[in-house]
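# Geometric and topological summary
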Amino acid sequence: AGQRKFNFDPNSDTSDIPQNIKPFLKKGLLQIVRFNKLKECIDHVHALGIKVVGVEIDETSVDVENTRDCFCGDTAFMMGNEGQGMNEKQMSLCDGFVKISQYGGGTASLNVSVAAGIILHRFYAWEQSQSRHQNKEELSKP
């Protein structure tokens, strides 16, 4: 899903793919899959066993600092735009929501790249803690 104007041909001189990614595509270690509709993309992600979590302030959102409750296995994150957040269609395709708590009386809004960085950092920290926990269990087995 995304704009068709992007050129994802790794052999093209006008490709929009970053140079450091092209070798992985050429060797078949990475694949870019395009979808005409967001729903098709979500169905594909679900078929791979990946949960889709929206980053949105919603009454069902779990605070990203509460990593035990908001992360569970392989996850794809869907970000809303900086002005209006996620639309109803996007939200209807998500399996759950996380939010970044903000304090004060101002507008609860972050730059989308800053929000994505916070979410991905918390997810990485959660995943690392899960790996350490599993390693400890393996070491304690007789």
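Preceding this section is the structure that the text describes.
Residues numbered from 1 in each chain as written. Predicted model: local features only at pLDDT ≥ 70, side-chain atom pairs only at ≥ 80, totals over all residues. Heavy atoms only, no water.

## Focus on the overall build of the chain
Which entries qualify depends on this criterion: Secondary structure elements are defined from DSSP: runs of H or I of at least 4 residues count as helices, runs of E of at least 2 residues count as strands, and each element is numbered from the N terminus. Per-residue accessibility, obtained with a 1.4 Å probe over protein chains only, is compared with the maximum for each type, and a residue is labelled buried under 20%, exposed over 50%, and partly exposed between these values.
Along its length, the chain carries five helices and four strands. Shown N-terminal to C-terminal, the secondary structure of the chain runs as helices and strands in the order α-α-β-β-α-β-α-β-α. When burial is assessed residue by residue, the chain has 29% of its 142 residues classed as buried.

## What to know about the packing of aromatic side chains
What counts here: When two rings of Phe, Tyr or Trp (its six-membered ring) have centres within 6.5 Å they constitute a pair, described as stacked for plane angles under 30 degrees, edge-to-face for angles over 60, and tilted for the intermediate range.
Across all of its chains, the model carries six aromatic pairs by this definition. Each ring, one from Phe71 and one from Phe123, has its centre 5.2 Å from the other, and the planes form 85°; the classification is edge-to-face. Here Phe71 is found in the loop between helix H3 (67-70) and strand S3 (75-79), whereas its partner Phe123 is found in helix H5 (residues 112-140), with 52 residues between them in sequence. Per residue, the accessibility class of Phe71 equals that of Phe123, and both read buried.

## Describing the nonpolar core
Under the convention used in this document: Joining through side-chain atoms within 4.5 Å is the link that ties buried Ala, Val, Leu, Ile, Met, Phe, Trp, Tyr and Cys residues into a set, and such a set is a nonpolar core.
With 12 residues, the main nonpolar core is built from Val53, Val55, Val64, Cys70, Phe71, Phe77, Val98, Ile100, Ala115, Ile119, Phe123 and Trp126. Within the second largest apolar cluster, 10 residues are counted, among which are Ile42, Val52, Met78 and Met86.

## Structural notes on the side chain of Glu56
Quick note on the threshold: Charge assignment in this entry is limited to Lys and Arg as positive and Asp and Glu as negative, and neither His nor the chain termini are counted. Each salt bridge in this description consists of a side-chain nitrogen of Lys or Arg and a carboxyl oxygen of Asp or Glu lying within 4 Å of one another. Definition of a polar contact: a pair of N or O atoms within 3.5 Å, with one able to donate and the other able to accept a hydrogen when the atoms are protein atoms, and with sequence-neighbouring residues admitted only if both atoms are side-chain atoms. In this description, contact between two residues means that some pair of their heavy atoms is separated by no more than 4.5 Å.
Note on placement: Glu56 falls in the loop between strand S1 (51-55) and strand S2 (62-63). No salt bridge forms around the buried Glu56; measuring N to O, its nearest opposite-charge neighbour Lys99 is 11 Å away. Side-chain polar atoms of Glu56 contact the backbone nitrogen of Met86, separated by 2.6 Å. Once residues within four sequence positions are removed from consideration, Glu56 is found in contact with Ser61, Gly85, Met86, Met91, Phe97, Val98 and Lys99.

## Side note on a nonpolar patch on the surface
Quick reminder of the rule: Like charges are joined within 9 Å and nonpolar side chains (Val, Leu, Ile, Met, Phe, Trp, Tyr) within 5 Å, but only among residues with over 30% relative accessible area and no salt bridge; these make up the patches. Only the protein chains shown count as cover for residues, with accessible areas throughout obtained via the Shrake-Rupley method and a probe of 1.4 Å.
Taken together, the side chains of Phe6, Phe8 and Ile32 make up a nonpolar region of the molecular surface, amounting to roughly 240 Å² of accessible area. Tracing the backbone through its elements, the reader meets Phe8 in the segment before helix H1 (22-26).

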